[in-house]
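If you want the building blocks of each chain, they are given just below.
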Amino acid sequence: MRGIHWLAARALPPGMQERTGYDVVLLATALILCVAGAIFVLSASAVHSAVAYRGDAYAIFQSHVIRLLIGLAFMIAFSVIDYHVLGKMARVTWLLTFVALIVVLFLPQPNGATAHRWIYYRGFSFQPAELAKFAIISYLATRLAAFDADPFLADRKKLYTGTLLIVGVTAGLVVIEPNLSMTLMILVVAAMLFFVSGVSLKPILSLGGICLVPLALISWLTPYMQTRLTTYADALFHPLRASYHVKQSLVGIGQGGIAGVGLGASMQKNFFLPEPFKDFIFSIVGEELGILGALFVLAGFTIFISRAWHISVNAPDRFGYYLGMGITLAIAVSVVVNIGVTLGLLPTTGQPLPFVSYGGSSLVMNLAAVGVLLNISRQTQRQAAVHGSGYPYL
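What counts and what doesn't
Residues numbered from 1 in each chain as written. Predicted model: local features only at pLDDT ≥ 70, side-chain atom pairs only at ≥ 80, totals over all residues. Heavy atoms only, no water. Helix = DSSP H or I, 4+ residues; strand = E, 2+ residues; numbered from the N terminus. Buried < 20%, exposed > 50% of the residue type's maximum accessible area, 1.4 Å probe, protein only. Contact = heavy atoms within 4.5 Å. Areas by Shrake-Rupley, 256 points an atom, 1.4 Å probe, with all protein chains shown as cover. 1 Å grid on protein atoms, 1.4 Å probe; cavity = no way out; pocket = protein on both sides within 12 Å on 5 of 7 lines; lining within 4 Å. Points joined across faces, edges and corners; volume = space filled by probe spheres on them. Nonpolar A, V, L, I, M, F, W, Y, C, P; charged D, E, K, R; others polar. Core = buried A, V, L, I, M, F, W, Y, C linked by side-chain atoms within 4.5 Å. Phe/Tyr/Trp six-rings, centres within 6.5 Å; stacked < 30°, edge-to-face > 60°. Salt bridge = Lys/Arg side-chain N within 4 Å of Asp/Glu carboxyl O. Axes fitted to C-alpha atoms, helices over the stretch in contact; angles between N-to-C directions. Parallel < 35°, antiparallel > 145°, perpendicular 65-115°, else oblique. Left-handed = near helix turned anticlockwise from the far one by under 90°. Polar contact = N/O pair within 3.5 Å; in protein donor to acceptor, adjacent residues only side chain to side chain. Expected span 1.5 Å × (residues − 1).

Caption draft 1: Just the overall build of the protein chain, in detail. The helix and strand tally for the protein chain stands at 15 helices and two strands. Counting every position in the protein chain, which comprises 394 residues, the buried fraction comes to 49%. Taking all contacts inside the protein chain whose residues are at least 6 apart in sequence as the whole, residues at least 24 apart take part in 72%. In the form shown here, the protein chain has an accessible surface area of approximately 18200 Å², with 71% of it arising from carbon and sulfur atoms.

Caption draft 2: Fine view of the layout of surface pockets. When its volume is computed, the second largest pocket comes out at roughly 690 Å³. Residue lining of the second largest pocket: 30 residues in total, with Phe 74, Phe 78, Leu 131, Met 365 and Ala 368 positioned closest to the centre. In terms of residue count, the dominant contributor to the lining of the second largest pocket is helix H15 (residues 361-386) (six residues). Residues of the lining of the second largest pocket, tallied by class, amount to 24 nonpolar, five polar and one charged.

Caption draft 3: Summary view of the nonpolar core. In terms of nonpolar packing, the biggest core is built from 83 residues, with Leu 353 and Phe 355 touching the most fellow members. At 14 residues, helix H14 (residues 318-342) tops the list of elements feeding residues into this core.

Caption draft 4: Focus on the packing of aromatic side chains. For the coordinates displayed, the defined rule picks out six aromatic pairs. Centroid distance Trp 94 to Phe 98: 5.3 Å. Interplanar angle 25°. Geometry classified as stacked. With Trp 94 and Phe 98 both in helix H6 (residues 90-103), this residue pair falls four residues apart, about one helical turn. On the basis of relative accessible area, Trp 94 is assigned to the buried category, the value being 11%. On the basis of relative accessible area, Phe 98 is assigned to the partly exposed category, the value being 26%. The interplanar angle of 65° and the centroid separation of 5.0 Å between the aromatic rings of Tyr 321 and Tyr 322 together place this pair among those described as edge-to-face. Of the two residues, Tyr 321 and Tyr 322, neither departs from the other in class, the shared state being buried.

Caption draft 5: View of the pattern of salt bridges. Throughout the structure, instances matching the rule amount to five salt bridges. When the shortest N-O distance is used, the salt bridge between Asp 148 and Arg 318 registers 3.0 Å. In this pair, Asp 148 sits in helix H7 (residues 128-149) while Arg 318 sits in helix H14, placing the two residues 170 residues apart along the sequence. Residues Glu 288 and Lys 269 are paired through a salt bridge, measuring 3.5 Å at the closest nitrogen-oxygen approach. On the criterion of sequence distance, the pair formed by Glu 288 in helix H13 (residues 281-313) and Lys 269 in the loop between helix H12 (244-256) and H13 is long-range, its members being 19 residues apart. Exposure class is identical for Glu 288 and Lys 269. Each is buried.

Caption draft 6: Focus on the packing of helix H3 (residues 24-52) against H13. Where H3 meets H13, the closest approach of the two axes is 9 Å, and the angle between their N-to-C directions is 160°. Between H3 and H13, the angle is such that the two are roughly antiparallel. Both H3 and H13 take part in a crossing whose hand is left-handed. Its residues assigned to classes, the contact of H3 with H13 shows 20 nonpolar, four polar and two charged.

Caption draft 7: A look at the environment of Phe 106. By secondary structure assignment, the location of Phe 106 is in the loop between H6 and strand S1 (119-121). Once the C-alpha coordinates of Phe 106 and Glu 177 are considered, the two residues, 71 residues apart in sequence, prove to be 10.0 Å apart.

Caption draft 8: Just the packing of helix H9 (residues 180-196) against H14, in detail. Between H9 and H14, whose axes approach to 10 Å, the crossing angle comes to 135°. Viewed along their axes, H9 and H14 adopt a mutual orientation that is oblique. Note that H9 runs across H14; the crossing there is right-handed. Across the interface between the two elements, Met 185, Val 188, Val 189, Met 192, Leu 193 and Val 196 of H9 pack against Tyr 321, Tyr 322, Met 325, Gly 326, Leu 329, Ala 330, Val 333 and Ser 334 of H14. Residue composition of the contact of H9 with H14, by class: twelve nonpolar, two polar and no charged.

Caption draft 9: Geometry of the environment of Ser 197. In this structure, Ser 197 sits in the loop between H9 and helix H10 (201-221). On the basis of relative accessible area, Ser 197 is assigned to the buried category, the value being 14%. Within the structure, the side chain of Ser 197 is placed 2.5 Å from the backbone oxygen of Phe 194, a separation counted as a polar contact.

Caption draft 10: Structural context of H14. Given a rise of 1.5 Å per residue, 25 residues ought to cover 36 Å, and the 36 Å separating the end C-alpha atoms of H14 matches this to within 8%. Within H14, 23 of the 25 residues are buried, which leaves it mostly tucked inside the rest of the structure. For H14, the side-chain oxygen to backbone nitrogen distance between the N-cap and Phe 319 is 3.3 Å, and the N-cap itself is Asp 317. Two residues or fewer past H14, Gly 344 is found with a positive phi of approximately 75°.

Structural data, given as structure tokens:
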């Protein structure tokens, strides 16, 4: 990992990171992934866009660019706003998220939608579950930092119980939509944050035990979830029985070989893979650019996650540490889940590939999270300057 930091830093002008105060490697990597993602979205969506929008092959791409620009605006804003504000507003943010998760259950959804996940307004849609993920991270960061600040806290058990209740309620509202993948994402990230805080395994196991039974019940009672899980389990022993999406994804990656069939020359995007510019965009990358292109994307995420981790462990305070760590873990888990599904290693879910898949709530929230990481790195650099030491970029 240290070697990755060194190679990434050498690609930048000398002293740029120290002058700006921001972690420029993280910023550059995120922007490169966004630009690459925009190119892949254009390639993967052109045929679908032409059919859906009466010959306009660029409609979906233009929509993605608009959402990307909105995300970049949020990134800039959160890179300037003191990240401690998120801690002060953690409870309010969670309450707003709680209300949004309830409201979305009663709002009308598009024809054919199997879940109540989106709030629509004047052509734009927003998924409250995406906000819930980062609201939980911010809330947990506040609570865990408070635990660390007072190791002899008398009512620690009560506070742990309350924190677990907040996580459970949030996950419960998300799974009712239903959105099992996001529910598991929230629970996994919460469990990981508890783990890195150094607490005993009891709260983590309690969180898992409390949620396991209702999650299993809801998964079994929801037809499409049941189908996905049974198909995945069957494919573990009989690969040819894998779901249609996974088969087509693997066919595309297999056709790509080492160098790919060429940018824009994918066959799987021609309605073999439904909406290939979203959850299965990595298979289009593998088909058009081959293993080399896939490795390029993986290298980008490796650098990004390693830099985000580095920023978190060097944060000026415990709140910054937990906040950065939660963001890092959330993005890392999303990458693993998306690529795992594409390769048939995990059950099919609706997790997009961060920064690369067609934009929406996920893209905007992830870019806002990048802004938070940049703000943490900037404050770390400022504190290091005050104390007469440099930021440990490498």
